[in-house]
Each structure stands twice: as structure tokens, then as C-alpha cells.
Amino acid sequence: MNQSAIRIRAVMRKEFQEYRRNRFIIYTMGTLPLIFTALPVISLFSISNTASPSLVRTQVAITLLLLLVIPVVLPATIAAYSVIGERDQGTLEPLLTTPISREEFLLGKSLAATIPTVGVAYVFFIVLVVAIRIGASSVVAHAVWQPSWFLAELLFAPLLAAWSVWVGTAISARSSDVRVAQQLGTLASLPALVLPLLMSLQVFKPTATVAVVIAVALAVIDVGAWRIVAKMFDRERLITGASAVTMRAEAGT
Amino acid sequence: MRHESAVAKRQWFARRRIGFGVRPTTWQGWLITAIAVAGAVGALVGVKKTTGDVLFVGVVGLYLALAYRLGGTKKLVDATARGAESDNEHALENGVAKVSVPPAMYGSQSPREIAEAIMSHTGKFADAPEDAVTSDSVIVVNHLTKQFGQRVAFEDVSFSVRRGEVFGFLGPNGAGKTSTVRTLSTLVTPTSGTAEVAGIALAGKHDIEIRQRIAVMTEVPGLYLRLSVTENLVFFAGLYGYRDAQPRIDRALEAVNLTSRASDLCGNLSKGLRQRVGLARALLNDPEIVFLDEPTAGLDPVASLEVHNLIIALRDKGVTVFLTTHRLDEAEKLCDRVAILNTTLRTVGRIDELRQRMFQKSILVATSAPLANPEGLFASIESVASWSIDDTGGYVLTVSDVRVAAPAITRALVAAGADVLSLAEGHHSLEEVYLELVGAAGKGGTQ
């Protein structure tokens, strides 16, 4: 393992330790997905084998939309806290005096927000599909157990989560107040819901090819977002509250 | 070597097993996992419901059996047993096999070694002056200025710090001390001027190399209060790129006398103890230069004394300490040289040199009763330039050479029938030097 990987891992490990010690984060991570899974399960279980195919398709699409909301909304708040939170508790300056680069720091932070979120999303997806397999009518089970839905969840959950995390981190790196950052972070992550919404509205059908193409596009956007957010991360601004570039311009040098 | 890595791998398994011991971390493990997942999903998606469910259970069961076989609690027993059987290269320590692996694998090179290795491979520091690394100065600052917009934090500051000295950086609040430390520790970019830290030019592209060689302890230690002392140090050791940092952490904790509190949450520690954790953190990377920003601010006298002893211990180890403080007694006690800053640098030098430079030599005379004719008496002594009476009624005589003047003054006083209570060389404290330099202007400045 090279030094860069060690640094990224150190940031992730520290974040996980902090999550574990802060029960509020754990409860938040569990409650929202629980609601988003329980409600559609009840709805789908009430559909009998004689229900019309269009009703089944609509209900299933809404259910899977709700499951893709989890990786979008859940990490936004955590990511929005990531940088401004460090500054607020006075830990950012000591951290930035170590040899960690901004790319390593941001990647560690974002992975720490993404991994548990995606894990939670996958777990609830599995719980849901297994429950449907066991308890729902065979028409519902057949509609849910489609390879394209599995592929969509498998690919989109981490990519949408990563997008949400980068938006939250960008806001966190430029904010001056934790509460503002968290509110803006959640709001700014919402546009990412357009993709699952279009799927659930049957604007396009998530065939395997479509899922892979969209996933590649999302992956490119995520990598681009990482580079942009890294550029936005201004050590001087975070420590002193003023940007080095702006100050040089104002000082006329 | 192969056996060593096998034992290490099992140790890794043993430490990180999750759930009921399933952890397929080898590439074979991942392959089996992928096949199992594909098989299970395929069974459920593609086959009729009942047959698919039976296949699903079969595939998952087979996978769990294989995964358990590959790694898990069973291997922990194997590893410990093999460790016990092994030769002295694999000595057991607390029931855990200790494996002899070259230090490089654990990333335990000193920051200097790492930086030099990078230099030899990439020539990254080719533009740094050759003599900067080998010379006696570890910090060289030339006409450095930092402005925040129109606000000047410090201006045209030039000084150098020698290897292994405790360098005091004094000044009133808002004088630019913290901004200077932040600039030298690469947190903020100077507006103009140049500097070298640990022999490396202060420029954006060298920031990481500089940060490998230095440590900064900010006024507020900045610890993660929900983490334990050890967890905080493990995190920071990771940021320095150390993989197996426990020996370093143990040494750092021992240095600050915190070994017994290693597992305490930082949130439960007193301010003094947190400051010591901050110091332990600063020792993790064996820095060449330690920047300490007000390290005793808010500490009680006992805790302050402990910090002072640590600073002295650092100096004894050859570490250069850049101490920012406005506690003049602290600077006088600890610093080899001081610089006094009030937006611009007022002076730099040894404290006794500053005294000599700024104040004329004097002799203080105390008598049991006022002299009848002090003017006539002191004017008759050749080596006395002038005299005055201080607040306590004693006489302050300005002299050119104390060694010549003192016997002459004594003789003259005795001859005049004066009862001399004391006769001593005048001593000017650092506080007087400081006030002389900063004075009322101390209220100005920005930071």
C-alpha cells in the first residue's frame, strides 16, 4: 500500500470511528431507508395476481425510485459537514499541516460518506427484493426480479451517492456555517433524483445497455466533480477565511 | 520470507474478521464471491420460482462454506500456533506472532529519508540551494510579507533559525506571529518575499515535502474529542503515511508521559492533558522543526512546567523549536534567541545581546540613608557617565565598564562614610526589552 492509499484509508477510518461514536448519524442512516423500504413493501404486498400489468409496473417503479433516493439523500448531510465540520471543531488546521494532499483528504472524506450509504442502500434493496420474492404475489416478484433493475441499483446507487457527496463536499468547502452547508447540501443533491424519477415515470426503460451507458456517464461526471471540488478546496480560505488568489489581487501583487 | 508473509496474512485475517468469520480477502476469495453472487442472482432471476429459490440457498451455502474455509476464526488459531512454533524471527508477543519484515514495508522511514528518496528519484528539489540543507540554518526568511487584502499581517520580515535551537517569536496580539507560523508551515501563501523551511524553498510545489519534515502544534490542540488518545495519534500517523505506527505512538506517548491515558477519550481529558496529546502528535513524524503556537496558553503552572520540560527535551534531541508566545518569562527561560515582531520585525538576537544593544550598562547602589551630596560624589568618579534615583530611593549609575566602575564606586562610597547596603549590576529583563521595542505600538498591528 503506498503512502497516498495509507492517508486516504486513515481519513476513512477516522470518519468511521466518529460515525460509530455519534449515534445520531447511525440512527439517521437507518431510519430513512427503513421508511423508504417498509412503505413500498406494504403497498406491493397488497397487489394480487389478478392486478393489471400497468399497475404492477407503476408500483414497482415507484418502489425502486424510493430505493434510489437513499443513496442520494443520505450522504448529502454527512458530506456537507465534512470540511466545515472539521473547521468548526478546530481540527482542520492541525490536519492540514500534515503531508496529506487535498485530493487525498477529499477522497477519504467522500469514500467515508459513500461506502456506508451504498452499503445501507444495497442491504435495504436486498431485504426488499427477498421479501417480495417470499411474500408478494408472483406477478410482483416477476416484475421486480428483472436483471435490469438489479443492474440499475448495483450501478446507480454508488454513482448517485458519489455525485451527492461531491456536491455536499463542494458546499462544505466553501461555506462558513455548518447549518447552511447541511441545508444547501441536501437541496443541491436533489437534482440527482431526476434520473431515477425518469426511470420510474417510464420515460426510459432501464435495459442493461441503458443502465451501463448512464453509469459510465455518471462515473465520468463523478471523477470530474472530484477534480473540480479539489480545485475549490483552498487551504488558506479555510484557515483564515480569505482566499489567497483574491487577496493577492486586492494587494495588487 | 514466504512463510513470514503467510503468517502476516493470517494475522490480518484474524484481526479483521467480521460477522461469523467470513472474510475472503484473497483474489481467489473475491472470485468465488463474484461467482456466488452471480449464481445466486441468476438462480433467482432466470429460473422458475421454486427451483430458483432452492438453487439460491445452495449457492449461498456453498459460498459461505468456502469463505469460512479460506479465512476466519479458525485461521487465528493456526497463526498463533505457527507463531509459537516458529524460530526467534517470529517471536510471540502477547499471544500474537511478531513477524520480521523490513522496516520499509511498514513505511517507517524518517520524513527526511522519504524526502531525500523523492529527491533522488525525481530531482524535485533541484532548485533549492545546495547549501540550504547542509547549512546551520533550518529556516531562512527573506523580506517575507503577508497581506490579507489591504490588511497587513506582517511585512518585510527577515530572519534565520539555526538547527537545534529554541527560537522565540514574540509580539503582542495581532502582531502577525500566527500568520508567520501559518506561512512557514505552508498553510497560507506569502504575498511577497522568500523563505526556506528545512532546506526547502517555500513554494506551492514543495508544500508536501516541507510538511513531511515539520510539525505544528496550534494554540488549540484540535483533537477529535470522540476518539481516544491512541485513535487520534493513529489517525495522524496515517496522514504522515506510516502504516504500522504503534511503536511511534508508544514513543510519543512515553515522551509526554501519557501512556497510562492512551485509551481515554480526548473529550474526557483536561486542557493540560489535551495539550500534551497535541505535543505527542507533533512528535509522531520525528520532525526537524516543531512550530509551537502559544503551547502554554491557559495552562496552570504545573502543566506549563511540563510543557517547558518537553521543549527542553526536544532541544536536547536536536530538534529545532519555533516557539510563538507572548509569555516573556517563558521565552526568557527557554529560548536561545528571540525575535520581536509587531507587524514588522523589531529585533532578533540572543536575549543578553538585546539587553546590551538596547540598554546602557548600569550599577545599582542602595545605602541605609540618602547621600549628603550624591552629585559631587558620583561626578568625581571617572567611569560614571550619569546617575539618577530610582523608585526605591536607590542610585542608578550609568557606567561604561562595570568591572572598572564597581571598585571605584565602592571606594568612593566608603570614603564618603556611606553605609552601603548593596551594589549590583543593573539587570534589564526581557520584558523591559520587549516594552522598549513594542511599547505603546503594541496596541497596533493586525493579524
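Residues numbered from 1 in each chain as written. Chains lettered and ligands numbered in written order. Predicted model: local features only at pLDDT ≥ 70, side-chain atom pairs only at ≥ 80, totals over all residues.

1. Some details on the nonpolar core
- With 149 residues, the main nonpolar core has Leu160(A), Val197(B), Phe291(B), Val321(B), Phe322(B) and Leu323(B) as its most contacted residues.
- With 18 residues, the top contributor of residues to this core is helix H3 (residues 53-88) of chain A.
- In this structure Phe291(B) touches Val181(B), Leu184(B), Ser185(B), Ile214(B), Val216(B), Met217(B) and Phe322(B), once residues within four positions along its chain are discounted. (Core = buried A, V, L, I, M, F, W, Y, C linked by C-beta atoms within 7 Å. Buried ≥ 20, exposed ≤ 12 C-beta atoms within 10 Å, placed from the backbone. Helix = DSSP H or I, 4+ residues; strand = E, 2+ residues; numbered from the N terminus. Contact = placed C-beta atoms within 7 Å.)

2. A few points about the environment of Leu397(B)
Residues and elements named next belong to chain B.
- Along the polypeptide, leucine 397 turns up in strand S15 (residues 395-399).
- You can call leucine 397 buried: it has 24 C-beta atoms within 10 Å.
- Taking the C-alpha atoms as reference, leucine 397 lies 9.4 Å from isoleucine 409; in sequence the two are twelve residues apart.
- If we skip the residues at most four places from it in the chain, leucine 397 touches Ser362, Ile363, Val365, Phe378, Val384, Trp387 and Ile409.

3. Describing the interface of chain B and chain A
- Listed per partner, the contact involves 34 residues of chain B and 39 residues of chain A.
- Sorting the residues of the side of chain B that touches chain A by element identifies helix H2 (27-46), strand S3 (137-148), helix H8 (207-213) and helix H9 (229-239) of chain B as the ones contributing at least two each.
- Residues of the side of chain B that touches chain A, tallied by class, amount to 15 nonpolar, 13 polar and six charged. (Nonpolar A, V, L, I, M, F, W, Y, C, P; charged D, E, K, R; others polar.)

4. Thoughts on the pairing of strand S11 (residues 337-342) of chain B
Residues and elements named next belong to chain B.
- Extensive coverage of S11 is indicated by the burial of five of its six residues.
- Direction of pairing for strand S5 (residues 166-170) relative to S11: parallel, over a ladder of four bridges. For leucine 170, the partnering residue across the bridge sits in S11 and is isoleucine 340.
- Sheet analysis places S11 next to strand S12 (residues 344-349), joined by five bridges and oriented antiparallel. Its bridge partner lying in S12, asparagine 342 is registered against threonine 344.
- From the end of S11 to the start of S12, which pair antiparallel, there are one residue, and threonine 343 there has a positive phi angle of about 70°. (Pairing = 2+ DSSP bridges.)

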